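# Breakdown of the fold
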Amino acid sequence: MPNALEVEQLTVRLGGTVILRDLGFTVPTGSALAVIGPNGAGKTVLFRALIGALPYQGSVRWAPGTRIGYVPQKLDIERDLPITGRDFLRAKTSVTGTPGHDADRALELVNLPPAVAAQPVGTLSGGQFQRLLLAFALMGRPTVLLFDEPTAGVDEPGEERLYEMIRRVQQAEGLTLLLISHELSVVYRHANNVLCLSRDRPTLGPPEEILTPERIEQVYGAPLKYHHH
Amino acid sequence: MTMSWTGLALSIGMAVAAGLVGCFAVMRRMALASDAMSHVALPGIGLALVLHLHPALGGLAALLVGTLLIWGLERQTRISTETLIGVVFSLALAVGSMLATGDELVDALLGAPGTLEPWELALGLAGAAAVAVFVLTQRSRLVIALVSSDIARTTGIPVARLELLYLLAFSLTVALGLRYLGVLLMGSLVIIPAATAKHLARSLDGMFAIAVAVAVSATLAGEVLAASIHRPTGPVIIAIAAALFLASLLARRR
C-alpha cells in the first residue's frame, strides 16, 4: 500500500455535537502531513479517532503492519509522581517485548541524557518531558508517528531544536509523520501536505497552496504572522 | 485478645495487597474516591447478616457489583468517575445502615477480628496473593495507562479491561480488610501507606517497597498495641499509619 493511511467519510461526534464531518484524506508512506486549524476545529479529536480512542463513523485504514508512535498534547502529570523516565521507558520494553537497548537508542535519537531519564518524570522541564514522550513513541520502531502540538510547553529556542530533531528522526527512521501544529512557518518548511480543519470546509494540499495569507485569514479569522524561508 | 499465627498471616497478606494496590490509587488521584468506594461493602454485609451468610462474602459481593456498576456507567455515560462514586457509594452507605443495626453496624463499620475458620484463611490468602500478582505483573501496563490512556492504546494495551481488573483488585483488597478495619477505615489502609510512599520514593520500585513496609508495620504494630490497650484494632492501625505519614512529611523536609 503506497499510502500509510486512508481516511474516508470520517465523522466524529462528541456528546451529540458533530466535531468532524465526512472528512477524507490519504497520507503517502514516508511523507509528513501537518494538521492545522483554529482552536476547537477538532485536530486532537481527529488524532484520537485515528488511534481508536474515540468512536467514529466512516473508515480509517492504516497500511498492514503499521506500528503507531503517539505523542499526545501536553499531559497533566503530577510533579511528585515517583516514576522515573527510565521506569516509563522500561514499561514499554516489558509490554511490547522490545529489547532493553531500544530505550537507549531512542534516548539518543531525541538527545535526552541518561542522567535526565533517571529523574522522576514530574521534575523534567516541558521540553525534556516532550522528548521523553517522543523517545517512548520511537521505541519498538514505529512506522508512523503522530505528534500533537510538539512545542506546547517548550520555550522558543527549544521549539526550533525540537522540530529539527523531529525532522532528523523522521528521515533517519523513514517514518510517516502526522503533526498538529500552530507554527505555520515550521509547517511550511517541514510538511509535504497540510490538512486545514476549519468551521466550513476542510482543505488538503501542499503548504504553498494551503498557507496563503487570504486562506489563513479566512480560517483563523485574523491575519497570522508567519515567514517563509 | 490473643494473636494467632493464622490471623497474623492473613493480616500481613491483606497489608501487602493494600500497599501495592494503593500505590496506583494514589498516583491516579483517586484517594477520596477509593475511601468512598469501600463503603459499598456495607449493604452487602447487612444483607448477608439478614440472610445469615458470612458478612465478608456479602461485603465482597457488594463491592464487586458496585465496581461493575461504576465501570459500566462510566463507559456508557459521560459522567465523571468521581461523581458516580459519590452517588453510588453514598447510596450504599445509606442502604447498608438501614439493613444492619446496632452492634452489627458498629462491627461492620469499624471491623471486628474474631476467630478465623480455615477456609476463611485460605480464601483470604488466595485473594491477597491474586491482588499482589496482578499489581506486580501488570505494573508496566498500569504505569503507561497512568501517564496517558491514549499512549497506552497505541502501545496495544486494552485500557478498558485493565481499568476493570484494577478496580476489581481494589475491591478485593477492601474486602480482605473488612474484618480488621471495617467499611469506614479499610480505604485508609489502602491510601495512607501509598501516600507516605509517594512522598518519600523517587522510583516505582521504591514506592512499592515503602508502601508495603508502612502497611505491614502499621497493621502488625496496630494489632499488638490494640490488644495491649484493649481498644478495637482498626482505629489503632489507621492511627499508626497516619503517624507514619506525618513522620514522612518531616523526614522529607531537609
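The paragraphs below set out a description of the structure included in this document. (Residues numbered from 1 in each chain as written. Chains lettered and ligands numbered in written order. Predicted model: local features only at pLDDT ≥ 70, side-chain atom pairs only at ≥ 80, totals over all residues. Heavy atoms only, no water.)

## Focus on the packing of aromatic side chains
Taken as a whole and assessed by the stated rule, the structure comprises two aromatic pairs over all chains. Taking 4.3 Å as the distance between ring centres and 15° as the angle between the ring planes, the aromatic pair formed by F88(A) and F136(A) counts as stacked. Placement of the pair is F88(A) in helix α2 (residues 85–96) and F136(A) in helix α5 (residues 126–138), with a sequence separation of 48 residues. Using a relative accessible area of 1% as the deciding quantity, one classes F88(A) as buried. Using a relative accessible area of 1% as the deciding quantity, one classes F136(A) as buried. Judged by centre distance (6.0 Å) and plane angle (55°), the rings of F24(B) and F208(B) are tilted. In this pair, F24(B) sits in helix α1 (residues 5–27) while F208(B) sits in helix α11 (residues 204–229), placing the two residues 184 residues apart along the sequence. (Phe/Tyr/Trp six-rings, centres within 6.5 Å; stacked < 30°, edge-to-face > 60°. Helix = DSSP H or I, 4+ residues; strand = E, 2+ residues; numbered from the N terminus. Buried < 20%, exposed > 50% of the residue type's maximum accessible area, 1.4 Å probe, protein only.)

## A closer look at the pairing of strand β1 (residues 3–14) of chain A
All names here are of chain A. Across eight bridges, β1 lies against strand β2 (residues 17–28) in antiparallel orientation. Bridged to E6 within β2 is T26. Hairpin remark: β1 followed by β2, antiparallel, with two residues in the connecting loop; positive phi at G15, about 55°. Summarising the sheet, β1 and strand β4 (residues 57–62) pair through five bridges and their orientation is antiparallel. Along β4, the bridge assignment pairs L5 with W62. (Pairing = 2+ DSSP bridges.)

## A few points about the sheet that holds β2(A)
Residue and element names in this part refer to chain A. If you walk across this open sheet you meet the three strands as β2-β1-β4, and the pairing is antiparallel. Where the open sheet ends on each side, the last strands, each with one partner, are β2 and β4. On average, each strand axis in the sheet is inclined to that of its neighbour by 15°, with strand direction left out of account. (Axes fitted to C-alpha atoms, helices over the stretch in contact; angles between N-to-C directions.)

## Here's the deal with a nonpolar patch on the surface
Residue and element names in this part refer to chain B. Where nonpolar side chains cluster on the molecular surface, the patch consists of L47, V50, L51, L53, L91, V95, M98 and L99 and spans about 760 Å² of accessible area. Among the secondary structure elements, those contributing two or more residues to the nonpolar patch are α3 (41–50) and α5 (81–99). One can find L99 in helix α5. (Patch = residues over 30% accessible without salt bridge, like charges linked within 9 Å, V, L, I, M, F, W, Y side chains within 5 Å. Areas by Shrake-Rupley, 256 points an atom, 1.4 Å probe, with all protein chains shown as cover. Salt bridge = Lys/Arg side-chain N within 4 Å of Asp/Glu carboxyl O.)

## As for the interface of chain B and chain A
Note: interface size is frequently given as the accessible area lost on complex formation between the parts. The interface of chain B with chain A comprises 23 residues on the first partner and 27 residues on the second. With both sides pooled, the region where chain B packs onto chain A buries about 2,300 Å², and carbon together with sulfur makes up 65% of that total. Linking chain B to chain A there are two salt bridges. Of the charged contacts, one joins D80(A) and K198(B) as a salt bridge, the two residues approaching to 3.2 Å between their closest N and O atoms. Summed over the shared surface of chain B and chain A, the number is five residue pairs in polar contact (both at pLDDT 80 or more). (Contact = heavy atoms within 4.5 Å. Buried area = accessible area lost by both parts, 1.4 Å probe. Polar contact = N/O pair within 3.5 Å; in protein donor to acceptor, adjacent residues only side chain to side chain.)

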